[in-house]
Amino acid sequence: MTAATLETRKNRTALLAFGGALAMLGLGYAAVPLYELFCQVTGFGGTTQRASESDAAIAERLGASAGGKTISIRFDGTTAGDVPWSFRPEQVTDTVSIGQRDMAIYLAKNTSDETITGTATFNVEPEQAGAYFNKIQCFCFTEQVLEPGQEVRMPVLYFVDPKALDDPNMEGVEQITLSYTFHRALESAE
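Residues numbered from 1 in each chain as written. Predicted model: local features only at pLDDT ≥ 70, side-chain atom pairs only at ≥ 80, totals over all residues. Heavy atoms only, no water.

Here's the deal with the side chain of serine 72
Tracing the backbone through its elements, the reader meets serine 72 in strand S2 (residues 70-79). For serine 72, a relative accessible area of 18% puts it in the buried group. Here the side chain of serine 72 touches glutamine 175 through a polar contact of 3.0 Å, side chain to side chain. (Helix = DSSP H or I, 4+ residues; strand = E, 2+ residues; numbered from the N terminus. Buried < 20%, exposed > 50% of the residue type's maximum accessible area, 1.4 Å probe, protein only. Polar contact = N/O pair within 3.5 Å; in protein donor to acceptor, adjacent residues only side chain to side chain.)

Some remarks on the pattern of salt bridges
The final tally for this structure, using the stated rule, is 2 salt bridges. A salt bridge links arginine 153 to glutamate 90; the nearest nitrogen and oxygen atoms lie 2.5 Å apart. Pair noted here: arginine 153 is in strand S9 (residues 151-160) and glutamate 90 is in the loop between strand S3 (85-89) and strand S4 (93-97), with a separation of 63 residues, a long-range link. For arginine 153, a relative accessible area of 54% translates into the label exposed. Looking at glutamate 90, the relative accessible area reads 41%, which means it is partly exposed. (Salt bridge = Lys/Arg side-chain N within 4 Å of Asp/Glu carboxyl O.)

Some words on the packing of aromatic side chains
One pass over the full model with this rule turns up 12 aromatic pairs. Ring geometry for tyrosine 106 versus tyrosine 180: centroids 5.1 Å apart, planes at 80 degrees, classification edge-to-face. Remark: tyrosine 180 occurs in strand S10 (residues 175-184) and tyrosine 106 occurs in strand S5 (residues 102-110); sequence separation between them is 74 residues. In this pair, the class of tyrosine 106 matches that of tyrosine 180, namely buried. Members of the aromatic cluster, connected to one another through ring pairs, are Phe75, Trp85, Phe87, Tyr106, Phe122, Phe133, Phe139, Tyr158, Tyr180 and Phe182. (Phe/Tyr/Trp six-rings, centres within 6.5 Å; stacked < 30°, edge-to-face > 60°.)

Quick look at the pairing of S5
Buried residues dominate S5, accounting for 7 of its 9 residues. Examined bridge by bridge, S3 and S5 share 5 bridges and lie antiparallel to one another. Counterpart to serine 86 in the pairing with S5 is lysine 109. In this sheet, S9 lies alongside S5 in antiparallel orientation, the contact comprising 8 bridges. Looking across to S9, one finds that lysine 109 is bridged to glutamate 151. (Pairing = 2+ DSSP bridges.)

Describing the nonpolar core
Formed by 33 residues in total, the largest nonpolar core has its most connected members in Ile73, Tyr106, Phe139, Ile176 and Tyr180. Listing elements by their share of this core, those giving two or more residues are S2, S3, S5, strand S6 (116-125), strand S7 (133-138), S9 and S10. The residues contacting phenylalanine 139, other than those within four sequence positions of it, are Phe87, Tyr106, Ala120, Gln144, Met154, Pro155, Val156, Tyr180 and Phe182. (Core = buried A, V, L, I, M, F, W, Y, C linked by side-chain atoms within 4.5 Å. Contact = heavy atoms within 4.5 Å.)

Regarding the sheet that holds S6
Spatial strand order, S4-S2-S10-S6-S8: 5 strands in an open sheet with mixed pairing. Unpaired on one side and paired on the other, S4 and strand S8 (144-146) mark the two borders of the sheet. The sheet shows a mean angle of 30 degrees between the axes of neighbouring strands, taken without regard to direction. The pairing of S6 with S8 spans 3 bridges and is classified as antiparallel. In the strand pairing of S8, threonine 117 is matched with valine 145. (Axes fitted to C-alpha atoms, helices over the stretch in contact; angles between N-to-C directions.)

Quick word on the state of the cysteines
The tally for this structure, following the rule as stated, stands at 1 disulfide. The disulfide partner of cysteine 138 is cysteine 140, and the gap between their sulfur atoms is 2.4 Å. Linking cysteine 138 and cysteine 140, the disulfide has an S-S dihedral of approximately 130 degrees and is accordingly described as right-handed. Both residues of the pair, cysteine 138 and cysteine 140, count as buried. (Disulfide = S-S within 2.5 Å.)

Rendered as structure tokens:
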């Protein structure tokens, strides 16, 4: 092997290693958004779905044709330690017809003497139900600003997709828990 050939191979190996390192760095930055997209599409980890009014109308017709089966929904609300709010569902459980739109109301009150901006994270249990729990409107889609002492009612308009009735993983599921936790928004954490 000549010195020129050996030098060419070394350069090629160095370029491939550098390209591989750049690709890994790019994947590292893309991992979080890709994982979030994966969870939103599949409902993995209890991630709920977003739906439109037309999606809800279709689900309502499919649910009615499935015999109007019902499921219990349990609501849960908590706050992170740095959010001085009281936050809870107005009603802890509800029984809904699968495919039928329903509304849950959460109550939040800022118990501090400062304006707080909060953002809600959510989850559905059991995890396999996340793919079928659809929210049409939710306070969790935007940040919420509460003035000192302010109390608000926060609605969630949702439905359970009738496709859940055909999923063997949903067999035996009698209750779905929708849980929210309010965190201080980054802008107000300073």
